[in-house]
Amino acid sequence: AKVFIYVHPFEGMPTEENFRLIEEDLPPLKDGEFLAEAVYLSVDPYMRAYAPRLKVGETMIGSQVAKVIESKSIQFPIGSYVVGVFGWRTHTVVPENLPVSQFTPPPVLISYDGSVPLSYYLGVLGMPGATAYFGFLDICKPKPGETVVVSGAAGAVGSHVGQIAKIKGCKVIGIAGSDQKCQWLKTIGFDFVINYKKDNVEQALRAAAPNGVDCYFDNVGGEITTTVINQMNRFGRVSCCGAIASYNDNTPAKAIASYNDNTPAKVTTFLLPVILQELEFKGFVIYTWRNKWNEAVKRNQEWMTEGKLQYQETITEGFENMPKALIQLMQGKNVGKAIVKV
Ligand code: NDP
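Residues numbered from 1 in each chain as written. Predicted model: local features only at pLDDT ≥ 70, side-chain atom pairs only at ≥ 80, totals over all residues.

Participant: How should I be thinking about the pairing of strand β9 (residues 171-176) in this particular structure?
Facilitator: Side-chain direction in a regular strand flips from residue to residue, so the side chains alternate between the two faces of the sheet. When you tally the buried positions in β9, you get six out of six residues, the bulk of the element. Crossover strand β8 (residues 147-151) to β9 through helix α3 (residues 156-167) is right-handed. For β9 and strand β10 (residues 192-195), the ladder comprises four bridges, and the chain directions are parallel. Looking at β10, one finds that A176 is bridged to N195. Since β9 and β10 lie parallel, the crossover through helix α4 (residues 179-187) that links them has a hand, and here it is right-handed. (Buried ≥ 20, exposed ≤ 12 C-beta atoms within 10 Å, placed from the backbone. Helix = DSSP H or I, 4+ residues; strand = E, 2+ residues; numbered from the N terminus. Right-handed = clockwise from strand over helix to strand, strands pointing away. Pairing = 2+ DSSP bridges.)

Participant: Sorry, what's going on with the packing of helix α5 (residues 201-208) against helix α6 (residues 222-229) here?
Facilitator: Describing two packed helices takes the angle between their axes plus the distance from one axis to the other. The contact between α5 and α6 brings their axes to 10 Å, and the two run at 40 degrees. If you check the angle between α5 and α6, you find them oblique. Here α5 and α6 pass one another in a crossing that is right-handed. For the pair α5 and α6, the contacting residues are V201, E202 and L205 in the first and I224, T227 and V228 in the second. Across the contact of α5 with α6, the residue classes tally to four nonpolar, one polar and one charged. (Axes fitted to C-alpha atoms, helices over the stretch in contact; angles between N-to-C directions. Parallel < 35°, antiparallel > 145°, perpendicular 65-115°, else oblique. Left-handed = near helix turned anticlockwise from the far one by under 90°. Contact = placed C-beta atoms within 7 Å. Nonpolar A, V, L, I, M, F, W, Y, C, P; charged D, E, K, R; others polar.)

Participant: Would you explain the environment of T316 in this entry?
Facilitator: When you line up the elements, T316 lands in strand β14 (residues 313-317). For the pair T316 and T227, spaced 89 residues apart in sequence, the C-alpha separation works out to 34 Å.

Participant: Looking at this structure, how should I read the site of the ligand?
Facilitator: Surveying the vicinity of the ligand reveals 30 residues, the closest of which are G155, V157, G177, G242 and G332. Of all the secondary-structure elements, those providing two or more residues to the shell around the ligand are α2 (127-140), α3, α7 (244-247) and α10 (322-330). Considering every element that reaches the shell around the ligand, the biggest residue donor is α3, with three residues. Both of domain 1 (2-122 + 312-341) and domain 2 (127-288) provide at least three residues apiece to the shell around the ligand. (Near = placed C-beta within 6 Å. Domains from an automatic or database assignment.)

Participant: What exactly am I supposed to notice about the sheet that holds strand β12 (residues 232-240) here?
Facilitator: Two modes of strand pairing occur in sheets, parallel and antiparallel, and in both the strands are linked by backbone hydrogen bonds. Here we have six strands laid out as an open sheet, ordered β10-β9-β8-β11-β12-β13, and parallel in their pairing. Because the sheet does not close on itself, it has two edges, and the strands there are β10 and β13 (280-283). Each neighbouring strand pair of the sheet contributes to a mean axis angle of 15 degrees, computed without reference to strand direction. Where β12 lies against β13, four bridges are found, and the strand directions are parallel. By the bridge assignment, S239 is partnered in β13 with K282. Together, β9 and β10 form the strand contacts of α5, whose direction differs from that of β10 by roughly 175 degrees.

Participant: Help me understand the domain arrangement of the chain in this model?
Facilitator: In many analyses, interface size is given as the accessible surface area lost on bringing the parts together. If you check the domain split of the chain, you get domain 1 (2-122 + 312-341) and domain 2 (127-288). Taken together, the contacts link 18 residues of domain 1 with 20 residues of domain 2. Looking at side-chain class alone, the side of domain 1 that touches domain 2 contains eight nonpolar, six polar and four charged residues.

Participant: I would appreciate a short explanation of the packing of α2 against helix α9 (residues 293-305) in the present structure.
Facilitator: Relative to each other, α2 and α9 sit at 100 degrees, their axes nearing to 9 Å. Accordingly, the angle class assigned to the pair α2 and α9 is roughly perpendicular. Across from G129, A130, Y133 and F134 in α2, the residues of α9 making contact are W293, A296, V297, R299 and N300. For the contact of α2 with α9, the per-class residue count stands at six nonpolar, two polar and one charged.

What follows is the structure in structure tokens.
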């Protein structure tokens, strides 16, 4: 197996030096185990946020779509496809009852009929798709006619949230990092787009949402978020999905609390608008919905078939390019879901 291990703790943006590619011999299968061969690997922001919890020398965390190529498990027969959090590896010996945690769900079989690429199970029909579905609908509770803002809007989760908001009859404003991304968002139905690298977000948002913002789906945190919060209406709802603006920041004032050095982040408060506008803030980890997952997969599939949900991927070829793909995601080079094809 080819395996990327985490060899140098992250400081700021990920670099190739944080990882080392090694070859590993795999042991013969025991009863209840199967051998998974990676087909596609997912590239996700949480890898940077989560990795400081890894010990140096451990396999990088990540999920993949894999084919079962050997098996001593009745549950996972040869030839079947599985989605699992096996890490940055080409081949993995997996026990069918792999230990699960808040961040590592059990491997699941895909009922694959060939109608969509297998990689979709890492995106629109997988974790990001469920994140958009439950994280937006259950937490923002959008009503027709409301104004919804999505940050990180051109990514896997954000682009999906914006389209669900349109399906629910909302006005949708997306915030993203390039004109090319903003143009794409217009083509998939976003009503207004803001390029946060060029536009004055505060003014652009006042122009796009003269009556204020009712729902905010937050993928990024940081200044974009404080700016949006200040324009929210009474009883607005905020789904705190991600904080990518701070994932690569090791400075004590901005570091992700407790991940890097156990020092809680100290930030300028933005609580007054939360209090005065009586906002609801809710953070979440998507695997909490694990038992309802199929509802999201089914609905997302239907919306795609009905032409209501457009989906885009940025695919990097070659397992050895995993570090590059993660670095490029952090640089905003992906449009839609970032994937590596082995
Ligand atoms: P994306 O596909 O959105 O990729 C990341 C994007 O983030 C980049 O393309 C870039 O786009 C943007 N970005 C990078 N740095 C910054 C920055 N400093 N400020 C603002 N934007 C930045 O990733 P996902 O859709 O997979 O994930 C989106 C968010 O959701 C992440 O924060 C992730 O951690 C979170 N998440 C949370 C889950 C949960 O259970 N709570 C589950 C899944 C994801 P741009 O060009 O616009 O800057």
